[in-house]
There are 2 protein chains.
Amino acid sequence: MVARERDVRPIGVFDSGVGGLTVLRALQARLPGEDFIYLGDTARLPYGSKSRETVERYSLQCARVLIARGVRALVVACNTASAAALPALRAAHPELQVFGVIEPGAIAAVRATASRRIAVIATPATVQGRAYELQIHARAPEARVRALACPLFVALAEEGWTEGPVAEAVARRYLAPLFETVERPDVLVLGCTHFPLLRPVIRAAIPADTALVDSAETTAAEVATALGGTGAARGSGKLTWLATDGAARFAQVGSRFLGRTIEPQEVELVDL
Amino acid sequence: MVARERDVRPIGVFDSGVGGLTVLRALQARLPGEDFIYLGDTARLPYGSKSRETVERYSLQCARVLIARGVRALVVACNTASAAALPALRAAHPELQVFGVIEPGAIAAVRATASRRIAVIATPATVQGRAYELQIHARAPEARVRALACPLFVALAEEGWTEGPVAEAVARRYLAPLFETVERPDVLVLGCTHFPLLRPVIRAAIPADTALVDSAETTAAEVATALGGTGAARGSGKLTWLATDGAARFAQVGSRFLGRTIEPQEVELVDL
């Protein structure tokens, strides 16, 4: 019997910007030996304000760049692109495993809820697209899902104001009304890749017995399971950064999201 | 002697999104009889995170759409595009009067300062591009300009949280350090088209004897003077809305910026 050769090709991850680095961070924690190529389509962010067709087209272009660099799997680390483009990506690249961030979060939410009342916070585009509701209802048709757009959380995360009185005031203003009813949810899904940075202030603004589902975490767990890795080194843990514009800003803001320093000269600019 | 015929062609105004509607609002207050065509390049916003070359190219495309609709003058109601694209727009369209938002704000700031210490708040891109410093120093080389990026103000304006404890906390956090020195500025320039919506909380967060320069106001004043209008009706006060994506969101958020309702069905989607 011949031992199957290890596939040492990198895993491709893309997002409209730096938000997906929270997903990469979670992936790296579970798969520290893997090589990753991260593409931030910073020239065209945000995807959230664009039409479904446009986001699909952009996502296919991001995938092509990563595939040209030899990735063996693709993680769509962006809620908007996950909602809009997964079917098209899978149809265009049947040879590739393609993961999104919404389905794992929805599965985890259904697992965590006892009351069948689930709250989701996300960007306006994700809320409008009802992607979490669809995925949750496919598994728990009786669940009651309340989705709330929290765009200020995105701005706070990008500005680095993730603690202190401003972040606390924003979290209270968004979240208190969600939990002030007698029929309050027992699960809150962080349905935007920016929100894990605000996890402590979000945690402090909701009842202590509410379960928090971090879709970056749940996505990383699914990818690790599907790719069969639990830390067994395949590559060398190498990280490659691609962006479509603004290397300096990608490095500066991205470092906060990744939790370690990215140098501007490490970021390669690519044209899509 | 023959009376010169009135030029009833509309005035074109463009921005990357809805922010420029504060400029349009100020223009309309001064030129109520004029017709305006407003183009928000919402599919490609924000311009602030893009390279100068890209912003120049996008601005030329916006101008072409408006020129094809017969405008007689062009107002670049966007700080990023004003900083990046005015020379290219003027070179490409010598027959047209082209106005930006930065020069009028800089002129007003130099007029208003006694201490020659001027503060400018803007987006990260405008701050990084040093456009206000350049324009101020061209007129007052000895002036000391302190520019501060306030991206949370943009998010607050778009969310409609323009008053209350969150807006006040954000304003204090950004602005207090600017004025806590003995060499504090005596003029604050609102160098982003989103910021006039936050004028009351900004006003409350700075010393009472600081002059506020609103670049939407100063731009409207310059355009009104240059076009010779002071309310004498030329057109019928008609407003036309063009956007490159997301008519519903343009109408919803834009209504706040304009100060009156825009209906989604009034917004025509155009391709650039």
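Residues numbered from 1 in each chain as written. Chains lettered and ligands numbered in written order. Predicted model: local features only at pLDDT ≥ 70, side-chain atom pairs only at ≥ 80, totals over all residues. Heavy atoms only, no water.

A. Expanded view of the environment of I202 of chain B. Residues and elements named next belong to chain B. Position of I202 among the secondary structure elements: in helix α9 (residues 199-205). Residue class for I202 comes out buried when judged on its relative accessible area of 0%. Put simply, I202 and R44 are 158 residues apart on the chain and 29 Å apart in space, counted from C-alpha to C-alpha. (Helix = DSSP H or I, 4+ residues; strand = E, 2+ residues; numbered from the N terminus. Buried < 20%, exposed > 50% of the residue type's maximum accessible area, 1.4 Å probe, protein only.)

B. Local environment of the side chain of D186 of chain B. Residue and element names in this part refer to chain B. Here D186 lies in the loop between α8 (165-179) and β7 (187-190). Buried within the structure, D186 lacks any salt-bridge partner; its nearest side chain of opposite charge belongs to R117, at an N-O separation of 6.9 Å. Here A114 takes part through its backbone nitrogen, which lies 2.7 Å from a polar atom of the side chain of D186. What D186 contacts, discounting residues up to four positions off in sequence, is A112, T113, A114, S115, R117, D209, T210 and A211. (Lys, Arg positive; Asp, Glu negative; His and termini not counted. Salt bridge = Lys/Arg side-chain N within 4 Å of Asp/Glu carboxyl O. Polar contact = N/O pair within 3.5 Å; in protein donor to acceptor, adjacent residues only side chain to side chain. Contact = heavy atoms within 4.5 Å.)

C. Structural view of the interface of chain A and chain B. Taken residue by residue, the interface counts 23 residues in chain A and 23 residues in chain B. Carbon and sulfur atoms make up 62% of the surface buried where chain A meets chain B, a total of about 2000 Å² over both sides. Area buried by chain A at its contact with chain B is led by L152, W161 and R173 of chain A, which between them contribute 29% of it. Counting across the interface, chain A meets chain B through zero salt bridges. Where chain A packs against chain B, one counts two residue pairs in polar contact (both at pLDDT 80 or more). (Buried area = accessible area lost by both parts, 1.4 Å probe.)

D. Molecular detail of the pattern of salt bridges. The final tally for this structure, using the stated rule, is 24 salt bridges over all chains. A salt bridge links E133 of chain A to R130 of chain A; the nearest nitrogen and oxygen atoms lie 3.8 Å apart.

E. Examining the sheet that holds strand β3 (residues 73-76) of chain B more closely. Residue and element names in this part refer to chain B. A sheet is described by the order of its strands in space; here six strands give the open sequence β4-β3-β1-β2-β9-β10, paired in parallel fashion. Edge strands, defined here as strands with exactly one partner in the open sheet, are β4 (97-99) and β10 (267-269). For this sheet, the mean angle separating the axes of adjacent strands, direction not counted, is 20°. Of the strand pairs in this sheet, β3 and β4 are connected by three bridges, and their pairing is parallel. Each residue of the ladder has a partner; that of A73, found in β4, is Q97. The strands touched by helix α2 (residues 52-68) within the sheet are β1 (11-15), β2 (36-40), β3 and β9 (239-243), with β1 carrying the most contacts at an inclination of about 150°. (Pairing = 2+ DSSP bridges. Axes fitted to C-alpha atoms, helices over the stretch in contact; angles between N-to-C directions.)

F. How the structure looks around the domain arrangement of chain A. All names here are of chain A. Annotation of chain A at the domain level lists domain 1 (11-100 + 219-269) and domain 2 (102-215). Between domain 1 and domain 2, the C-alpha centre-to-centre distance is 22 Å. If you look at the interface, domain 1 gives 19 residues, while domain 2 gives 17 residues. When domain 1 packs against domain 2, the two sides together hide about 1400 Å² of surface, and 54% of this comes from carbon and sulfur. Summed over the three residues of domain 1 that lose the most area to domain 2, namely N79, R256 and F257, the buried surface amounts to 40% of that side. (Domains from an automatic or database assignment.)

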